[in-house]
Amino acid sequence: MPNSDDKTHKVIPQELLLSRLAQSDQMRDFFIQMWLQNPLLAKQGGATVMRLISPLVRNDQAE
């Protein structure tokens, strides 16, 4: 069993990181569109989902 004090570092290639970020953005967009098209499903997701699909309010508009 490796010693817990040993530190190993893995380098993630930039291309892989960028592709994973793009994939994550696509999935997020997909779910937001699905929730916007089906509000009952979004309500089942709770407060977190409702915050994700609610319009953003800029600070200068909130006053």
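Relevant structure appears above.
Fair warning: this is a prediction, and the values are worked out from it, not measured in the lab.

A. Expanded view of the pattern of salt bridges. Taken as a whole and assessed by the stated rule, the structure comprises 2 salt bridges. Of the charged contacts in the structure, one is a salt bridge between Arg 28 and Asp 25, with a shortest N-O distance of 3.6 Å. Of this pair, Arg 28 and Asp 25 both sit in helix α1 (residues 14–37), 3 residues apart, which is roughly one turn of the helix. Exposure remark for Arg 28: the relative accessible area of 43% places this residue in the partly exposed category. For Asp 29, the salt bridge goes to Arg 28, with nearest N and O atoms at 3.6 Å. Residue classification places Asp 29 among the partly exposed positions, given a relative accessible area of 42%. Residues joined by salt bridges that share partners form a network here, namely Asp 25, Arg 28 and Asp 29.

The rules behind these values
Within each chain, residues carry numbers counting from 1 in the order of the written sequence. Local features in this predicted model are restricted to residues whose pLDDT is 70 or higher, and side-chain atom pairs enter the listing and the counts only when it is 80 or higher, whereas totals over whole chains, interfaces and linings include all residues. With hydrogens and water set aside, each side-chain value is computed from the structure's full complement of heavy atoms. Think of a salt bridge as a Lys or Arg side-chain nitrogen and an Asp or Glu carboxyl oxygen that are within 4 Å of each other. Put simply, DSSP marks the helices as runs of H or I at least four residues long and the strands as runs of E at least two long, and each gets a number from the N terminus on. Summary of the burial criterion: residues with accessible area below 20% of their type's maximum are buried, those above 50% are exposed, and those between are partly exposed, where the area comes from a 1.4 Å probe applied to protein chains only.

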